[in-house]
Amino acid sequence: MDVVQFHEGLPLFSHIDINPTELCNRKCEFCPRHDESSYANQNLQISLKLINKIAEELRDLEFSGGIIICGHGEPLLHPNIVEIISSFGSDLHTEIVTNGDRLSVDVVENLYD
């Protein structure tokens, strides 16, 4: 059973999804991105400034839910993905949803650190 967290008497959300990039290196049939004429790669990237602001505000709220790095792009294609994960630190529970194509021992170690 999930525990509802409150801030100033109002219930907080339990998870936040962050889409760090619109880039993807696949064309999966189940994804809206599979048809480039409908949803082309736009090379949009979330800024580290915004990520740091989100992390700071979640800490201010004493957020205890999960942060999911995902979206309709491949998170590991963001050029600063390690810094994004680092922004949330070990005090905020963070997960990445990835197709794994860019994973290597070095990438996993850097993300974990």
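Shown above is the structure to which this text applies.
In short, a report on the structure. (Residues numbered from 1 in each chain as written. Predicted model: local features only at pLDDT ≥ 70, side-chain atom pairs only at ≥ 80, totals over all residues. Heavy atoms only, no water.)

## Overview of the state of the cysteines
Scanning the entire structure with this criterion turns up zero disulfides. Among the cysteines around C24, which has no disulfide bond, C31 carries the closest sulfur, lying 6.2 Å off. Free of any disulfide, C70 has its nearest cysteine sulfur in C31, 11 Å distant. (Disulfide = S-S within 2.5 Å.)

## Some details on the side chain of H78
Summarising the element assignment, H78 is placed in the loop between strand 4 (66-69) and helix 2 (81-88). A relative accessible area of 3% means that H78 is categorised as buried. There is a polar contact of 2.9 Å between the side chain of H78 and the backbone oxygen of I46. Those residues in contact with H78 that sit more than four places away from it in its chain are P20, T21, Q45, I46 and I84. (Helix = DSSP H or I, 4+ residues; strand = E, 2+ residues; numbered from the N terminus. Buried < 20%, exposed > 50% of the residue type's maximum accessible area, 1.4 Å probe, protein only. Polar contact = N/O pair within 3.5 Å; in protein donor to acceptor, adjacent residues only side chain to side chain. Contact = heavy atoms within 4.5 Å.)

## Observations regarding the nonpolar core
Core analysis: the largest hydrophobic core is formed by 16 residues, its most contacted members being I18, L58, I67, I69, I81, I84 and F88. Elements that contribute at least two residues to this core include exactly helix 1 (48-60), strand 4 and helix 2. Not counting the four nearest positions on each side in its chain, L58 is found in contact with F13, I16, F63, I67, F88 and L92. (Core = buried A, V, L, I, M, F, W, Y, C linked by side-chain atoms within 4.5 Å.)

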